[in-house]
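Inside the fold
Chain residues, written in single-letter form:
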Amino acid sequence: MDRTSRIPGFYNLSIEERRSKIAEFAGLTPEEVELLSKEGNLNLEIADRMVENVIGTMAYPFSVALNFLIDGKEYVIPMVIEETSVVAAASNAAKMTRSKGGIFTEATDPVMIGQVQLTKINDPFSARMKILEHKEEILKLANDQDPVLVKFGGGAKDLEVRVLESPIGPMVVTHLLVDVRDAMGANAVNTMCEAVAPFIEKITGGKVYLRIISNLADRRLVRARTTVAKEELGGEEAVDAIVTAWALAACDPYRAATHNKGIMNGVVAVALATGQDHRAIEAGAHAYAARTGRYLPLSVWEKDKNGDLVGTLEMPMAVGIVGGATKTHPVAKIAIKILGVKTAVELARIMGAVGLAQNLAALRALALEGIQAGHMRLHARNIAIMAGATGDLIDKVAEQMVKEGKIRFDRAQELIREFTEKK
Ligand code: MEV
């Protein structure tokens, strides 16, 4: 029989039944089925409630990055990631920031944007005004949806209305600015957008289509800053090398994408560990990087008047500590406990700091390991010359010493003897 991915009622089957259907479809061995059915620290019952069509769970390494001193407080950073070196790099970079006080952060209020798309309007500018004239009623309608959020100081705080030229004519897009406090905010914001839409239609005579959060969370920003003493990096030349590495990202989107990917290595690893919607964070980061019309790095690296390296980062950070997987995944709860964060803003600040440290580690490795290797070769050539090598022999001896990691006068002499005897 031809195999088919059309399996009616799959959703309603038990996890075990689903697994055997898929085993049949893909020809899984009993060992593979057994492995899929293994329960780890996310039990299948919870997994099954989180998403649809669950047939198992999958484990990733759960690590911790050390040495983070953020706003004067010690943090151990839980990270979930499949890539080697990211955790070690974050720890190393965090260590380098400590002598100048660590990483300092700042964040805006946790304000998310909800969009309401209004179409079929002949007079979009007058519709815009009508919406603004009814601002208080619209905000009240929105806030009536979430009295708990309002009680905790959050809720819809303001609105903005934009007239956009689209490929199918003008549109009037209302932005609800909602302080979502400790939530990621998608649910609260989407509910509010849906609630105000009929009223917006009524006062404008238009037709609403989309009512959804924007992941370009440019009202929910985190900022991080650090100074790295030049001695930590091996001198002012190293500081210059890192600034030069950053400068390429600042003028070239091909490099900026990789530069920002390095930042997201850290940010996403913490997002995964703490059960965040990491796609929302990624979408926000990249859209923010491109906000000027040109894709830019999320960080800036400069040299201060002492010759030390100064790094700053600014990016959206839509994270929550209530609701979603943060509350349902038992390991995410442990990650939050390891961090010791009490608010979503604090979590956002830590993630900004981790992003900056991760970026520092990458730039240092890229810009300096090149230099270090170069230095080593240069050093080895000098030793070879001192030991009596001439002509082609200089590079041959130097290369061999670098390869062995033994850049010494006596080794150079030995190698000169070996190479000349061979001749
Ligand atoms: C690799 O995961 C991340 C880096 O490519 C980041 C960068 O190039 O800045 C090392």
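Scroll up for the structure.
Small disclaimer: the values here were computed from a predicted structure and weren't measured. (Residues numbered from 1 in each chain as written. Predicted model: local features only at pLDDT ≥ 70, side-chain atom pairs only at ≥ 80, totals over all residues. Heavy atoms only, no water.)

Further remarks concern the overall build of the protein. Scanning the protein for helices and strands turns up 17 helices and 10 strands. Since a compact globule built from 423 residues should have a radius of gyration of about 22 Å, the 28 Å found for the protein marks it as more spread out than a globular shape. Judged by the C-alpha coordinates and their principal axes, the protein covers about 95 × 65 × 45 Å. For the protein, the share of sequence-separated contacts (at least 6 apart) that also reach a separation of at least 24 residues comes to 70%. For the protein, the exposed area adds up to about 21,700 Å²; of that, 54% sits on carbon and sulfur atoms. Within the protein, the 53 negative side-chain charges are centred at a point lying 2 Å from the centre of the 51 positive side-chain charges. (Helix = DSSP H or I, 4+ residues; strand = E, 2+ residues; numbered from the N terminus. Rg over C-alpha atoms; globule rule 2.2 N^0.38 Å. Contact = heavy atoms within 4.5 Å. Areas by Shrake-Rupley, 256 points an atom, 1.4 Å probe, with all protein chains shown as cover. Lys, Arg positive; Asp, Glu negative; His and termini not counted. Charge placed at Lys NZ, Arg CZ, Asp CG, Glu CD.)

Quick look at helix H12 (residues 278-289) now. The end-to-end C-alpha distance of H12 is 16 Å, a good match for the 16 Å that 12 residues give at a rise of 1.5 Å each. Taking the backbone nitrogen of Arg279 as reference, a side-chain oxygen 3.2 Å away marks Asp277 as the first, capping residue of H12. (Expected span 1.5 Å × (residues − 1). Polar contact = N/O pair within 3.5 Å; in protein donor to acceptor, adjacent residues only side chain to side chain.)

This part is about the packing of aromatic side chains. Scanning the model with the defined rule gives zero aromatic pairs in all. Lying over the aromatic face of Phe25, Arg3 brings its terminal NZ or CZ to 4.3 Å of the ring centre. One residue, Arg291, lies across the ring of Tyr288, its end atom 3.8 Å from the ring centre. (Phe/Tyr/Trp six-rings, centres within 6.5 Å; stacked < 30°, edge-to-face > 60°. Lys NZ or Arg CZ within 6 Å of the ring centre and 35° of its normal.)

Inspection of the entire model under this criterion finds 24 salt bridges. The closest approach of N and O atoms between Arg219 and Asp218, which form a salt bridge, is 3.8 Å. Taking the relative accessible area as the measure of exposure, Arg219 reaches 32% and is therefore partly exposed. Accessibility expressed as a relative area gives 30% for Asp218, which makes it partly exposed. Put simply, Arg411 and Glu414 hold a salt bridge, and the shortest N to O gap is 2.6 Å. Remark: Glu414 and Arg411 occur in helix H17 (residues 409-422); sequence separation between them is three residues, near one turn of the helix. We classify Glu414 as partly exposed; its relative accessible area is 34%. Salt bridges here are not isolated pairs; linked through shared partners, they connect Glu404, Arg411, Glu414 and Glu418. (Salt bridge = Lys/Arg side-chain N within 4 Å of Asp/Glu carboxyl O. Buried < 20%, exposed > 50% of the residue type's maximum accessible area, 1.4 Å probe, protein only.)

Further remarks concern unusual backbone geometry. Apart from glycine, the bulk of residues carry a negative phi angle, and the bulk of peptide bonds sit in the trans form. Its identity as a non-glycine residue notwithstanding, Asn53 has a phi of 60 degrees, on the positive side. With respect to the helices and strands, the residue Asn53 is situated in the loop between helix H3 (44-50) and strand E1 (62-70). For Asn53, a relative accessible area of 37% translates into the label partly exposed.

Further remarks concern empty space enclosed by the protein. Summed over the entire model, instances satisfying the criterion amount to one cavity of 30 Å³ or more. Computed from the structure, the largest cavity encloses a volume of approximately 50 Å³. Taken together, Ala107, Thr108, Pro110, Arg220, Leu221, Val222, Met317, Ala344, Val345 and Ala348 form the lining of the largest cavity. For the lining of the largest cavity, the secondary structure elements donating two or more residues are strand E8 (221-228) and helix H15 (344-386). (1 Å grid on protein atoms, 1.4 Å probe; cavity = no way out; pocket = protein on both sides within 12 Å on 5 of 7 lines; lining within 4 Å. Points joined across faces, edges and corners; volume = space filled by probe spheres on them.)

Attention shifts here to the layout of surface pockets. Estimates place the volume of the largest pocket at around 1,300 Å³. Considering the residues around the largest pocket, the lining is formed by 41 residues, among which Met50, Leu272, Gly275, Ala325 and His329 are closest to the centre. Per-class residue counts for the lining of the largest pocket are 23 nonpolar, 14 polar and four charged. Two domains each donate at least three residues to the lining of the largest pocket, and these are domain 1 (62-108 + 220-370) and domain 2 (111-214). (Nonpolar A, V, L, I, M, F, W, Y, C, P; charged D, E, K, R; others polar. Domains from an automatic or database assignment.)

If you trace the backbone, His175 turns up in strand E6 (residues 169-179). With a relative accessible area of 8%, His175 lands in the buried category. Between the alpha carbons of His175 and Lys140 there is a distance of 15 Å; along the sequence they are 35 residues apart. A distance of 2.9 Å separates polar atoms of two side chains, one belonging to His175 and the other to Gln115.

Here helix H16 (residues 392-404) crosses H17 at 125 degrees, and the two axes come no closer than 10 Å. With respect to each other, H16 and H17 are oriented oblique. Where H16 crosses over H17, the two elements pack in a sense that is right-handed. The residues of H17 that touch H16, namely those facing Leu393, Lys396, Val397, Gln400, Met401 and Glu404, are Arg411, Ala412, Leu415, Ile416, Phe419 and Thr420. Grouping the amino acids of the contact of H16 with H17 by side-chain chemistry returns seven nonpolar, two polar and three charged. (Axes fitted to C-alpha atoms, helices over the stretch in contact; angles between N-to-C directions. Parallel < 35°, antiparallel > 145°, perpendicular 65-115°, else oblique. Left-handed = near helix turned anticlockwise from the far one by under 90°.)

Quick look at the pairing of strand E10 (residues 309-316) now. For E10, the tally of buried residues reaches six of eight residues, placing the bulk of the element in the interior. Alignment of E8 against E10, held across eight bridges, turns out to be antiparallel. Across the sheet, Val222 pairs through a bridge with Met315, a residue of E10. Sheet topology note: the strand E9 (residues 299-303)/E10 ladder contains five bridges and is antiparallel. (Pairing = 2+ DSSP bridges.)

Here the focus is the nonpolar core. Core analysis: the largest hydrophobic core is formed by 63 residues, its most contacted members being Phe68, Ile77, Met79 and Met315. Considering every element that reaches this core, the biggest residue donor is H15, with 13 residues. Here Ile77 is in contact with Ser63, Val64, Ala65, Phe68, Ile70, Val270, Leu339, Ile350 and Val354, once residues within four sequence places are set aside. In this structure, Ala127, Ile138, Val172 and Ala217 belong to the second largest nonpolar core, which totals 32 residues. (Core = buried A, V, L, I, M, F, W, Y, C linked by side-chain atoms within 4.5 Å.)

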